[in-house]
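Notes for the structure review
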Amino acid sequence: MGIVSCLPGRAAVWLGMALAGLLAQPGRAQTAGAQANCTLALAGRVADHETGTLLPGATVRLLETGEVSPTDALGNYHFHVCPGFYHLEVSFVGYRPEALEMRVATSEVRNFQLHPDAVQLQGAVVRGQAAPATATQATAALTGRDLAATRGQGLGEALLKVSGVAAIQTGPNVFKPMIHGLHSNRVALLNNGVRQEGQQWGQDHGPEIDPFVASQLAVVKGAAGVRYGADAIGGVVLVQPAALPDSAGTTGEVHLVGASNNGLGAASATAQGSPKKLPALAWRAQGTVRRAGLSRTPDYWISSTALAEYNYSGAVGWRKARWGTEVFLSQYNAKLGLYPVPENWNRAARDESVPPLPASFSYDLDRPYQQIQHTLLKLSSFYKLNGWGGRLNLTLAQQSDRRGEYDKYRPRNDNVAARNLPELDYRNQTTTADLRWEPHLHGNFGGEVGLSGTYQDNTYRPGSRFFIPYYTNAVGGAYAIGRWHPGAWLLEAGLRLDRRHLDTCRPTRVSGAFDVVQEQFAFTTPALSGGVVRELGPHLTLRADASLMQRAPAANERASQGVHNGIYEEGYDITRPPGTPALGPETARSLALSLTWHDHPRLNGELTVYQNHIDNYIYQTPIAPVLDIRGLFPSYRYQQTDARFRGLDLLVAYRLARPLTLGLKAATVVERDLRLDDYLILAPADRLESWLRYEAPGPAAHRLSGFYAQVGAQAVRRQTRVPRDNEQRDYQDPPAGYWLLDAEVGGALRLGAHTPLSISLTGTNLLDQRYRDYLNRYRYFLDELGRNVTLRLRVPLAFGAARK
């Protein structure tokens, strides 16, 4: 008779359960230990047995777990397994499948070389999107949940999520992206493959793009001028919509966003489809409405900071096996309030704050404000050539940009005031054409050749005040990029040549006499680049790139003059000393090294170090405040020097346990004026961001799935790297450093069989810290925003055949 049977009934039951639990513990511990050890890498590469050509898109299956790993652009596959015995199967269309048995005790690399299959396949229609070429520059992208967390923000603010990207701010509504310390005319923005052209020169001019159009925001960090043009010496922002649908049915999605700080409400809807009886045809329609009232700091409302925005876009495409064409139309419409510069802004002591203008919450939008309309019409087509000919791509685009800037005060003439016209009213028309040829790979060699042309006309509405010159800008360019892909290496070299003709026309007044000055400038700007990508292991990739390129000065850098949006700005050639040369092109020599640790079950991240040496660097610096009949304004003037930018970007994510991930993001850049052996003014301060994230495991079929919660902090140091005579050069010292507490929680709630509702709640500056940022041009008058809580909903829609 056992011990248990000698005890009274209930006691025997409890003891039995306890013994069962004790006996079960070793088993659970062993399982947990085994799971913890399932970090062995099982990886390799798939190639053609005859030619050695790597095979992207091959399917590698691990039979014991059912996992499948398609090979990437370099033919690589990855699994993570426990120690044990496994079977691998590899298959690819046109090749005989292969299988392998192997015992895994440590991390293993197993390469496959598939034999071409002589069996004649039946005809089949295969559709897909061309995979982008592997970039030799450091590249980061916002997609999926990361992109969803930015919905409702403007493009410049959304890009702050990317490591190495900062922003030049003008109040709470205008963010202009800055990459590695460079911005404006040195950062190219491509909206659906078309370079964004408008009034992008002004630091108070945010990108005229609706971020809801994009399914991905990508940033090429560093000089990328060979492919994207001479103005991309700082980097490129790619706003990329999803490809048009290639299967029958109609789908869509609705986004709803609400924020507490400024009463923001945003709604965006997309519908797309392809008719079953006409599969070559596809279409998409999208629209966004965004409205917000005054923003609030921890202590006060910020006067005149409401905004109203509505945007729409549509696309229609026709795609066959060898050719296709697509028409895309979008329009961005925004009315943005701007805080009026206080009249006594420079009378306060250097370390004292100017009292804010009194305001209470309102959605009213009155002077001063900007009104912007940007229209893009694009026609793109491709044609696949026979044999090694590859693919031809043609893109034609027309952009119309209208920007009205309304001053703080209406005109004194009542009749003029009644018309409520903008004091500055720019009109910009741009036509672009791009032709790109991508021949098929020949062995390990590939590449592309391209031609591009731009014609731009910048004018004013008659009666508008003058600021930048009237100008026409004609640019023609040609480039070639070659790639060599021997095994684990990818080497790339590029060459580009651009020719720019800039004709300007501006009024002058000398000794009381008005005159018109017409000037013509012509620049030939070369660009050279070389890069290498090396797979150092199944999880480690090394990238290195170097470039030499030139950028011609823009019209505003040469000859702008006047007040706009409460700031006085002046071009270099307006008051340069007699005998000094006119503004010349910048010449940038860039080096970057990037190490990426990827696809690891615990540790992933990227480290980038870079140096950019720019001869004749063009930049703005504060000058003595300018007084005119409208008041006294903060004033800036363009200067030119030799500069050096050195910096580091770091992004690390480490999985502490299965549901918990610890993340860290840091960026620093040191900007030096080499002629003065001093620091440059208005450089971004060091930034550090960390977070702890919990992601609940569980299948997506549950009513509540994908639950996550995250708490994070971002810290910004006080900028101490300023010129030695900063007290004489800037209106105030850099503000103190700050740190902010943020949090986010979200998941997917399944309302029906086909309707997973994505919900997230995000809080920023939760402790309501009072702070100012060095890169905000309104830091002389305003604090940054206080606490803000944002609710985001996304509802996917499917109709008819698309639901099956």
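Each remark here, short or long, concerns the structure printed above.
Everything quoted here is computed from the prediction, not taken from an experiment. (Residues numbered from 1 in each chain as written. Predicted model: local features only at pLDDT ≥ 70, side-chain atom pairs only at ≥ 80, totals over all residues. Heavy atoms only, no water.)

So, the overall build of the protein chain
A tally of regular secondary structure across the protein chain gives 7 helices and 41 strands. Taken over C-alpha atoms, the radius of gyration comes to 29 Å for the protein chain, in line with the 28 Å a tight globule of 804 residues would show. Once the C-alpha set of the protein chain is aligned to its principal axes, its extents read approximately 115 × 75 × 60 Å. The burial tally for the protein chain puts 47% of its 804 residues in the buried class. Contacts in the protein chain between residues at least 24 apart in sequence constitute 66% of all its contacts with a sequence separation of at least 6. Put simply, the protein chain shows about 37,100 Å² of open surface, and 59% of that area lies on carbon and sulfur atoms. A distance of 5 Å separates the average location of the 82 positive side-chain charges in the protein chain from that of its 72 negative side-chain charges. (Helix = DSSP H or I, 4+ residues; strand = E, 2+ residues; numbered from the N terminus. Rg over C-alpha atoms; globule rule 2.2 N^0.38 Å. Buried < 20%, exposed > 50% of the residue type's maximum accessible area, 1.4 Å probe, protein only. Contact = heavy atoms within 4.5 Å. Areas by Shrake-Rupley, 256 points an atom, 1.4 Å probe, with all protein chains shown as cover. Lys, Arg positive; Asp, Glu negative; His and termini not counted. Charge placed at Lys NZ, Arg CZ, Asp CG, Glu CD.)

A look at unusual backbone geometry
Residue Arg 367 is joined to Pro 368 through a cis peptide bond whose omega torsion reads -5 degrees. Structurally, Pro 368 can be placed in the loop between β21 (323-337) and β22 (369-384). The backbone of His 180 sits at a positive phi, close to 50 degrees, despite the residue not being glycine. Inspection of the secondary structure assignment puts His 180 in the loop between β11 (174-179) and β12 (182-183). Backbone geometry places Asp 768, a non-glycine residue, at a positive phi of 55 degrees.

Here's the deal with the sheet that holds strand β16 (residues 235-240)
As summarised here, the arrangement of the 5 strands in space is β9-β15-β16-β13-β14, forming an open sheet in which the pairing is mixed. Each of the sheet's edge strands pairs with one partner strand only, and the pair in question is β9 (138-142) and β14 (194-195). Where strand β13 (residues 187-191) meets β14, 2 bridges bridge the pair, whose relative direction is antiparallel. If you follow Asn 191 over to β14, its bridge partner there is Val 194. (Pairing = 2+ DSSP bridges.)

Side note on the pairing of β21
Where strand β20 (residues 307-319) lies against β21, 13 bridges are found, and the strand directions are antiparallel. Each bridged residue has a counterpart across the sheet, and for Val 316 the counterpart in β21 is Val 327. Two successive antiparallel strands, β20 and β21, enclose a turn made up of 3 residues. Inspection of the sheet shows β21 paired to β22 by 15 bridges, in the antiparallel sense. In the sheet register, Gly 337 faces β22, and the bridge partner there is Tyr 369.

Topic: the pattern of salt bridges
Evaluation of the coordinates by the stated rule reveals 39 salt bridges. For Arg 186, the salt bridge is made with Glu 586, and the minimal N-O distance between the two is 2.6 Å. Taken together, the residues Arg 186 in the loop between β12 and β13 and Glu 586 in strand β32 (residues 586-597) connect sequence positions 400 residues apart. For the pair formed by Arg 186 and Glu 586, the shared burial category is buried. A salt bridge links Asp 573 to Arg 558, with the nearest nitrogen and oxygen atoms 2.8 Å apart. Of the two residues, Asp 573 is situated in the loop between β31 (567-570) and β32 and Arg 558 in helix α6 (residues 555-559); the sequence distance between them amounts to 15 residues. An identical accessibility class is assigned to Asp 573 and Arg 558; each is buried. Among the charged side chains, a network of salt bridges with common partners joins Arg 227, Arg 436, Glu 438, Glu 448, Arg 483 and Glu 492. (Salt bridge = Lys/Arg side-chain N within 4 Å of Asp/Glu carboxyl O.)

What about the side chain of Asp 783?
Along the chain, the position of Asp 783 falls in the loop between β40 (756-764) and β41 (788-799). A relative accessible area of 9% means that Asp 783 is categorised as buried. Each residue touching Asp 783, except ones within four places of it in the same chain, is listed here: Thr 297, Asp 299, Tyr 300, Ile 302, Arg 770, Tyr 771 and Arg 772.

Comments concerning the sheet that holds strand β2 (residues 59-62)
Pairing in this open sheet of 4 strands is antiparallel, and the strands run β3-β2-β5-β6 from one edge to the other. Pairing within the sheet leaves two strands with one partner each, and these edge strands are β3 (67-70) and β6 (98-104). Taken over all neighbouring pairs, the strand axes of this sheet differ in orientation by 25 degrees on average, direction set aside. Taken together, the 4 bridges between β2 and β3 define a ladder with antiparallel strand orientation. Across the sheet, Val 60 pairs through a bridge with Ser 69, a residue of β3. (Axes fitted to C-alpha atoms, helices over the stretch in contact; angles between N-to-C directions.)

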